Amino acid sequence: MRIALAVLRRDRRSQVATVLVALGVMIAVSLVLWLLAAPNGLQARADRTGWRDFWTNEGGKTTISVATTRDVYRGLVIERFDVARNEPGDVPVAKGIARFPESGEVLLSPALAQLVREAPAENLGNRFPGQVIAELGQDALKYPGELVAIVGHDAVSNGDKTTGLAQGGASYTDDYHGLLFLLTRVGLVVLVVPCLVLVASAARLTAAKRERRLAALRLAGASPRQVVGMTALETAVGAVVGSALGVLLAQPFSHLTAKISWEGGTWYPGDFVSDPVTTGVVAVLAPVLVVLAAIMGLRRVVKEPLAAEQKRKVRSWRLLAIAGAIAVFFFGITVAQTGSGSSRFTVVLLGLGAVALALVLAGPVVTAWVGRFFVGRWRKPSTLLAGRRLSGDPVAAFRGSAGVVIAVFTGSMALTMLPGLETTIPNGDKTWQDNAIVAEEVGVDVTQLRLATSAPIVTMTSGTVGDGSADHYGNSVLVGKCTEVALLITGLTCGDGPAVYSSTKLRWSHFRGSSRDGEVKAELPAQYETRPFTPSGYRYEAVIDPELLPALQGRVSLVGVPTTAENREAVHTAFVRTLPGAPLTELARGVRGDTLTEDLERATIIGLSIAGVLGGIGAAVAAAGSVIDRRRTFGALIAAGTPIRVLAHALRREVVLPVFAATIAACAAGIVMGLGLLALARGLMGGEDLPLTPWVVAPVAVGMVVALVAALACGPVLRGISPRDYAAE
């Protein structure tokens, strides 16, 4: 132990290595704690909004009815809950809700209350009839600034029956059919692996010099236990300091992360904080892994000190690890598609992590192949020197490329998944014109709406046309007067007389529809005119004039109004006020879908940036460490007359050449993994197409740039070497 401390006190290169180990561990620990805090943040949101999961009390005592709708005001989503008592008595409410609102009473979130005060009443405030009795607290809101309203009524005819507003036990793992849970775990796996690579690179700094020193001590009589103890102490000093700094850095980092928007809003400061147990485990585990990585590299020194200078050979069987890991991954895809619960993704995530680690394990094999290729075909001294290094010690040569390879793998996988995920997100379609407001699930009586607005009101009925059997639905159609429906629907051109507007003649004639007033059936006449209509959306395949279905006279299931820029908010408010609980077209759905798309793009950019930075730092640390390890060799080359410029070129080739070869394989593996995860996501959310874009190969170019920049870190270290270093050694 005294020898190890003396080395740290007096050897400048060991001191530099210790500082770099501390920095590497600090970055890794802070990032891992941040990644582990992400699920905590999502669960904290789910806990605060658990009172909105009314179906969790299905089968229990039903004391109230709740109709949930998603409204929009100037591009902002409003979560609205219309509530009414079913029987007298106390109604339990969640923390953050002052009390259950009776008829004529309203609870608003602070941000929505502020908007109501600032906006004209006919544009927003009239949507919430009654007296505002209190504002919702933080414990009932998903994020700061969320717009939420709870409106009391005498009765809510289209609501869900439940026990109150105090349900619990919500979990974010159920959001989007488990897709969000899967994506957070995938991000955790693919970013933890670069952290481990960085830690391993830091642990192997100055490894060659340490091995020579320890081999000499072994030959002088030091026991294996003493050698291992000296290595553990040297490494632990920097690792423990770095772990402590990483824990301290995680706190301000979590508050900075809370400013990142997700699902329309930022986070509360306490959301992105790991629990004390997790923090303690990471803080202890990181130095242990660093010390173990350093000790594992001493096997030759401990067993064969005379062979410490020999280069390690690599075997081609390492490539089989990739095939095995991919097999585990796709087995996990099968398990996840047939299983249930969050645990069904475990094998997928294990396979994904195994593929990333297998790429690191197989990298030295590719590096050796590249080295032998360039040794046989060199044209410049720098290429020969680089090729000799790559083929002679591929394990050490690849160490600087490992982080970049993982970053390329992550980037290709993310860019393969992103276009497909965006198409699974529920967005508004183009069925209705942009100026149309349409309410669904309404009844016959729209008198209050007619009194509330002077805009033209269009009544319609939706349903299907099939063969008449109970289990056959056929084509989705809309029944309404063509000249009126054309004011709302996209791409409809009317003619004289009743007709069916469709791209092809309907195969069946039996209509079936339903509204709040019950189910209705009718039959089209044997002969009718079909006029061309190509739907712009996916909601309805045909429009039928009501004269062809006289049995539907007086039936209404949809009400629409064409608006102008001047009256749009006022008409919207009239709809919400007079038809509480009726879903309004695709307005909020489209806004929410756009928000989630932006969230995925933002998360992808952040994740790829982190992976790229980690890969670059790891490559720079490893490249600089390789120069320090070979200080005597470079000193001898310089003493023999080799220009530093040639050595600098050789160092750059050492980093860039294996990266170029390995990143192509990593890119291919990333595409395969991305397609597998996308297929799984499609199974969860729906959809069939698996789009690929040219951007999936962009990480290869970015990886080359990152590797080249990291290789430039060798320059200052190399320029500090002189022939005196050879003599000193």
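Residues numbered from 1 in each chain as written. Predicted model: local features only at pLDDT ≥ 70, side-chain atom pairs only at ≥ 80, totals over all residues. Heavy atoms only, no water.

Engineer: Got a sec to walk through the overall build of the chain? Specific residues and values, please.
Structural biologist: Each helix and strand in the chain was counted, giving 22 helices and 15 strands. Taking all 729 residues of the chain together, 52% fall into the buried category. The long-range share in the chain, meaning contacts at least 24 apart out of those at least 6 apart in sequence, stands at 82%. For the chain, the computed accessible surface area is about 32000 Å², with 59% contributed by carbon and sulfur atoms. (Helix = DSSP H or I, 4+ residues; strand = E, 2+ residues; numbered from the N terminus. Buried < 20%, exposed > 50% of the residue type's maximum accessible area, 1.4 Å probe, protein only. Contact = heavy atoms within 4.5 Å. Areas by Shrake-Rupley, 256 points an atom, 1.4 Å probe, with all protein chains shown as cover.)

Engineer: Explain the state of the cysteines residue by residue, including any values.
Structural biologist: Using the criterion set out here, one finds one disulfide in the structure. One disulfide in the model links C482 with C494; its S-S distance is 1.9 Å. As the torsion about the S-S bond is roughly -95 degrees, the C482-C494 disulfide counts as left-handed. One end of the pair, C482, is in helix α15 (residues 482–485); the other, C494, is in the loop between α15 and β10 (500–502), with twelve residues separating them in the sequence. For C482, a relative accessible area of 3% translates into the label buried. Its relative accessible area of 28% is what places C494 among the partly exposed residues. (Disulfide = S-S within 2.5 Å.)

Engineer: Give me the sheet that holds strand β6 (residues 160–162): which residues, what numbers.
Structural biologist: If you walk across this open sheet you meet the six strands as β4-β3-β5-β2-β1-β6, and the pairing is mixed. Sheet topology places β4 (131–135) and β6 at the edges, where each strand pairs with a single neighbour. Adjacent strand axes in the sheet meet at a mean angle of 30 degrees, parallel and antiparallel pairs treated alike. With seven bridges connecting them, strand β2 (residues 76–85) and strand β5 (residues 147–153) associate as parallel partners. Its bridge partner lying in β5, R80 is registered against A149. (Pairing = 2+ DSSP bridges. Axes fitted to C-alpha atoms, helices over the stretch in contact; angles between N-to-C directions.)

Engineer: Provide a residue-level description of the environment of L33, including the pertinent values.
Structural biologist: You can see L33 is positioned in helix α2 (residues 12–48). Judged by its relative accessible area of 4%, L33 falls in the buried class. Taking the C-alpha atoms as reference points, L33 and S274, separated by 241 residues in sequence, lie 6.4 Å from one another. Filtering out sequence-adjacent residues up to four positions away, L33 remains in contact with G246, V247, A250, S274, T278, T279 and V282.

Engineer: Account for the nonpolar core, with residues named and values stated.
Structural biologist: V186, L352, F409 and M413 are the most contacted members of the largest nonpolar core, which totals 75 residues. Considering each element in turn, this core owes the most residues, twelve residues, to helix α4 (residues 179–203). With near-sequence residues (within four places) excluded, M413 lies in contact with V186, V190, L352, G670, M673, G674 and L677. (Core = buried A, V, L, I, M, F, W, Y, C linked by side-chain atoms within 4.5 Å.)

Engineer: Can you explain the packing of helix α10 (residues 346–376) against helix α11 (residues 381–392)? Please cite residues and give values.
Structural biologist: Where α10 meets α11, the axes come as close as 7 Å, and the angle between the chain directions of the two elements is 145 degrees. Between α10 and α11 lies a crossing whose hand is left-handed. The residues of α11 that touch α10, namely those facing T367, A368, V370, G371, R372, F374 and V375, are T383, L384, G387, R388, L390 and S391. (Left-handed = near helix turned anticlockwise from the far one by under 90°.)

Engineer: With reference to specific residues and values, describe the packing of aromatic side chains.
Structural biologist: In total, this model carries four aromatic pairs according to the counting rule given. Here the aromatic rings of F373 and F374 are separated by 5.2 Å at their centres, their planes lie at 90 degrees, and the arrangement is edge-to-face. Take F373: its relative accessible area is 42%, and that puts it in the partly exposed class. Among the residues examined, F374 registers a relative accessible area of 24% and is labelled partly exposed. Measuring from ring centre to ring centre gives 6.0 Å for W432 and Y540, while their planes differ by 70 degrees; the resulting arrangement is edge-to-face. Residue W432 is found in the loop between α13 (402–424) and β7 (436–440), and its partner Y540 is found in the loop between β13 (530–531) and β14 (542–544); the two are separated by 108 residues along the sequence. (Phe/Tyr/Trp six-rings, centres within 6.5 Å; stacked < 30°, edge-to-face > 60°.)

Engineer: So what's going on with the pattern of salt bridges? Which residues, and what values?
Structural biologist: For the structure shown, the criterion picks out 14 salt bridges. Notably, a salt bridge pairs D82 with R80, separated by 2.9 Å at the nearest N-O pair. R80 matches D82 in its accessibility class, with the two residues each being buried. When salt bridges that share partners are traced, they join D71, R127 and E569 into one network. (Salt bridge = Lys/Arg side-chain N within 4 Å of Asp/Glu carboxyl O.)

Engineer: Account for a nonpolar patch on the surface, naming residues and giving values.
Structural biologist: Taken together, L196, V277, V281, V284, L285, V288, L289 and L292 make up a surface patch of nonpolar side chains, about 680 Å² in accessible area. Among the elements that line the nonpolar patch, the one with the most residues is helix α7 (residues 276–296), at seven residues. Of the residues examined, V277 reaches a relative accessible area of 63% and is grouped as exposed. (Patch = residues over 30% accessible without salt bridge, like charges linked within 9 Å, V, L, I, M, F, W, Y side chains within 5 Å.)

Engineer: Talk me through helix α9 (residues 318–338); I want residue IDs and the actual numbers.
Structural biologist: Between its first and last C-alpha atoms α9 spans 32 Å; for 21 residues at 1.5 Å apiece the expected length is 30 Å, and the two agree. Within α9, the full set of buried residues consists of R318, I322, A325, F329, G332, I333 and A336. Angularly, the buried residues of α9 cover 110 degrees about the axis, an arc narrow enough to put them on a single face. Across α9 from its buried face, at more than 90 degrees, point the exposed residues L320, F331 and T338. (Expected span 1.5 Å × (residues − 1). Arc of directions from axis to C-beta.)

Engineer: Before we move on, could you go through the packing of helix α6 (residues 224–257) against α7 and cite the residues and values that matter?
Structural biologist: For the pair α6 and α7, the least separation of the axes is 8 Å and the interaxial angle reads 150 degrees. Relative to α7, α6 is oriented roughly antiparallel. Our pair here, α6 against α7, has a crossing hand that is right-handed. Together, V228, T231, A232, T235, A236, A239, V240, S243 and V247 of α6 and T279, V282, A283, P287, V290, V291, A294 and I295 of α7 make up the contact between the two elements. (Parallel < 35°, antiparallel > 145°, perpendicular 65-115°, else oblique.)

Engineer: I'd like a rundown of the environment of L600, residues and numbers included.
Structural biologist: Within the fold, L600 resides in helix α17 (residues 587–629). On the accessibility criterion, L600 (9% relative accessible area) is buried. Taking the C-alpha atoms as reference points, L600 and E263, separated by 337 residues in sequence, lie 9.8 Å from one another.

Engineer: So what about the pairing of strand β15 (residues 558–562)? Which residues, and what values?
Structural biologist: Of all five residues making up β15, five are buried, and the element is well covered by its neighbours. Alternating residues of β15 divide into L558, G560 and P562 and V559 and V561, and every residue in both groups is buried. The pairing of β7 with β15 spans five bridges and is antiparallel. Residue V438 lies in a different strand from β15, and its bridge partner there is G560. Of the pairings in the sheet, the one linking strand β8 (residues 458–466) to β15 comprises three bridges and is antiparallel in character. Across the sheet, V458 pairs through a bridge with G560, a residue of β15.

Engineer: Tell me about the side chain of E146, and please be specific about residues and values.
Structural biologist: Mapping E146 onto the fold places it in the loop between β4 and β5. Residue E146 is classed as buried on the basis of its relative accessible area, which comes to 3%. Looking at E146, its side chain comes within polar contact range of the main-chain nitrogen of K142, at 2.7 Å. The contact partners of E146, leaving out residues within four places of it in the chain, are R52, E79, S109, A111 and L141. (Polar contact = N/O pair within 3.5 Å; in protein donor to acceptor, adjacent residues only side chain to side chain.)

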